[in-house]
Amino acid sequence: MARVGKVFCLHLNMEGIWLRRAGREFTVSMLPVESTDEAQNIEKDPKMIFNLHRKVPMLPMFKRNTTIEELMTWDPAPLKESLSLSAKMSKDLVKTIDKIISIVITKGPSSAPYESINELLQLGLFEQNGYMRDEIYLQLMRRINGSQTLDTGKCLWKLMICVTAAFPPSKGAFKYIKSWFDKINLSESFIKRAIKVCHCNMYVFRISGPRGYSISIDDVKFWYDESHAKVPLFGVELDEIYADPSLVEEVKDGFKVPKIVVKLIEMIKNLNGYQKEGIFRVSGDLQQVFQLKNLLTKDCDSVEVKLFKDASVPCSALKLWMRVLRSPLIPDHLYSLFLVARNN
């Protein structure tokens, strides 16, 4: 097919459309885009939805599906539509997320953009279906993919730590985001520590349940400024805690116990938790439990024993800490032996 005047000519074959316009040549594939293993896994889970439908800018009458790799490649042009697909997501909200992230980057890693970060977190915390949370994660990941300087990368990773501490992605998005974390292989120590903290934060939500935590400005300050320099207490291997002498305490005859366990037991005793029937069966207030979790992560030693009035809060925090250990207290290969010992 050709157009009169040699302005536009088009040739169709089995591989695609070859075009020449004003001396320019390019090809638009007409064949289905080959899905990667990641894309196939995501398609099987209906909760993980990417907004893959895109128009070809130079040929709007044809449409094709982009790959996830193309979608997540950084483009300095402002986003016009969401990265995650949701019929309820307005373009204004997508632009708001993009704008807030730009503000944090502009201020630099040594600034204190806490109000902007809190504004971003509130967008995710008050969205019930999880798609807004996925959009925040995906936009941040896309920015990190395109970060050119270490300062920009630090800003984005510090912001990612705050996001992972405030709320989880949707169940479908979790696998993709985790695999994205795992693929990042950088020698920069700050980035390595930041990824470690993000991994632990997401793991806690994965085990404890997909519920967000109304993070305070003080928490934002900690997660943005200090958390990357500390060993996470929740969602880690027990060996990692014992490897840091400042995180363990000698209780008797040289026997050492993680300080977080000692502190929580002290809090339970102080609140007469031992006098309450079924104390470990009753769940504490989720908001207070995560508040205590953050305080313990900041500085376990400085947490006041009388901070809470309900013994269920430290009990739930202790259960949470044990539940999110990467390896259980009773190793899998010894579990059957413990059952035998109990029965005898």
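Residues numbered from 1 in each chain as written. Predicted model: local features only at pLDDT ≥ 70, side-chain atom pairs only at ≥ 80, totals over all residues. Heavy atoms only, no water.

### A closer look at the overall build of the protein
Counting its secondary structure elements, the protein contains 14 helices and seven strands. For the protein, buried positions account for 45% of its 344 residues. Partitioning the contacts of the protein with sequence separation of at least 6, the portion at a separation of at least 24 is 67%. Put simply, the protein shows about 19500 Å² of open surface, and 53% of that area lies on carbon and sulfur atoms. (Helix = DSSP H or I, 4+ residues; strand = E, 2+ residues; numbered from the N terminus. Buried < 20%, exposed > 50% of the residue type's maximum accessible area, 1.4 Å probe, protein only. Contact = heavy atoms within 4.5 Å. Areas by Shrake-Rupley, 256 points an atom, 1.4 Å probe, with all protein chains shown as cover.)

### Thoughts on unusual backbone geometry
Negative phi is the rule for most residues except glycine; trans is the rule for most peptide bonds. One non-glycine residue with positive phi stands out, namely Asp253, at about 50 degrees. Mapping Asp253 onto the fold places it in the loop between β6 (248–252) and β7 (255–258). One non-glycine residue, Asn272, adopts positive backbone phi at about 55 degrees. As for its placement among the helices and strands, Asn272 is situated in the loop between α11 (259–270) and α12 (286–298).

### Describing the packing of helix α3 (residues 91–107) against helix α6 (residues 150–166)
Two elements in contact, α3 and α6, have axes whose closest approach is 9 Å; the angle formed by their N-to-C orientations is 130 degrees. Classified by the angle between their axes, α3 and α6 sit oblique to one another. Between α3 and α6 lies a crossing of right-handed hand. Residues Ile101, Val104 and Ile105 of α3 lie in contact with α6, whose contacting residues are Thr152, Cys155, Leu156 and Leu159. The class makeup of the residues in the contact of α3 with α6 is six nonpolar, one polar and no charged. (Axes fitted to C-alpha atoms, helices over the stretch in contact; angles between N-to-C directions. Parallel < 35°, antiparallel > 145°, perpendicular 65-115°, else oblique. Left-handed = near helix turned anticlockwise from the far one by under 90°. Nonpolar A, V, L, I, M, F, W, Y, C, P; charged D, E, K, R; others polar.)

### Focus on the packing of aromatic side chains
Tallying each qualifying case throughout the model produces seven aromatic pairs. Between Trp180 and Phe181 the ring centres are 5.5 Å apart and the planes differ by 55 degrees, which places this aromatic pair in the tilted class. In this structure, Trp180 and Phe181 share a single accessibility class: buried. The ring centre of Phe190 lies 5.4 Å from the NZ or CZ of Lys154, which sits over that ring. (Phe/Tyr/Trp six-rings, centres within 6.5 Å; stacked < 30°, edge-to-face > 60°. Lys NZ or Arg CZ within 6 Å of the ring centre and 35° of its normal.)

### Regarding the confidence of the model for the protein
Across the protein, the average pLDDT comes to 77, with 76% of residues at 70 or higher. Of the regions scoring below 50 in pLDDT, residues 1–48 engages in 68 contacts with residues more than four places distant in sequence or in other chains. (pLDDT = per-residue confidence, 0-100.)

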